[in-house]
Amino acid sequence: MNDCLFCKIAAGEIPSTKVYEDDEVLAFRDIAPQAPTHVLVIPKKHVSGWYDAKDESDAALAHLMRAAATVARMEGLVESGFRVVSNCGPDAQQTVPHLHLHVLGGKAMAGEMA
Ligand code: 5GP
Ligand code: ZN
């Protein structure tokens, strides 16, 4: 999509600190980290959010989730644990309308999720 920030990052038009990449997904560090590890995992293809993702294959969505686990392993979070968050829509405070998973770790997080 022409005007999408994460599409531009996926295309390399806007720089990012890459953590992991394969044919389908890109993982890069969040510009405003909320934990010692805060990585965003996105499909390279534009998908605006989870409602839009109904048109994606189960395999593509599983691949995205698996990439989040790969990032957690690469960041050394398997023993300590980590949190995967995906905000969808206004109440969840989604600010970038391109499907993404936040991988958060490196500290003990709040017990409440909302
Ligand atoms: P959301 O609020 O949509 O769940 O998550 C969007 C995330 O993108 C936020 O955590 C925000 O800090 C991050 N972000 C916004 N603009 C940029 C950017 O230009 N580069 C990077 N690396 N992260 C960004
Ligand atoms: Zn996009």
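Residues numbered from 1 in each chain as written. Chains lettered and ligands numbered in written order. Predicted model: local features only at pLDDT ≥ 70, side-chain atom pairs only at ≥ 80, totals over all residues. Heavy atoms only, no water.

Just checking my understanding: could you explain the pattern of salt bridges for this structure?
Pairing is possible between side chains that carry opposite charge, provided their charged atoms lie close to one another. Tallied over the full model, the rule gives six salt bridges. Between lysine 54 and aspartate 55 there is a salt bridge, and its shortest N-O distance comes to 3.9 Å. By the burial criterion, lysine 54 is exposed, and aspartate 55 matches it. Connected through shared salt-bridge partners, Lys18, Glu21 and Lys44 make up one network. (Salt bridge = Lys/Arg side-chain N within 4 Å of Asp/Glu carboxyl O. Buried < 20%, exposed > 50% of the residue type's maximum accessible area, 1.4 Å probe, protein only.)

Got a minute to help me understand the coordination of the zinc ion (ligand 2) in this structure?
Of the protein atoms, only Cys4 (SG), Cys7 (SG), His46 (ND1) and His98 (ND1) coordinate the zinc ion (ligand 2), at distances of 2.0 to 2.3 Å. Here the zinc ion (ligand 2) binds four donor atoms, and the angle range of 105 to 117° at the metal identifies the geometry as tetrahedral. All donor residues of the zinc ion (ligand 2) come from one chain, and their arrangement in sequence is C-x2-C-x38-H-x51-H. Placement of the pair is cysteine 4 in the segment before α1 (5-10) and histidine 46 in the loop between β3 (37-43) and α2 (58-74), with a sequence separation of 42 residues. Summarising the burial analysis for this pair, cysteine 4 and histidine 46 share the class buried. (Donors = N, O, S within 2.8 Å, 3.2 Å for Na, K, Ca; no water. Tetrahedral: all angles 85-135°; square planar, octahedral: opposite > 155°, others 65-115°. Helix = DSSP H or I, 4+ residues; strand = E, 2+ residues; numbered from the N terminus.)

None of the figures reported here should be taken as evidence of function without further support.
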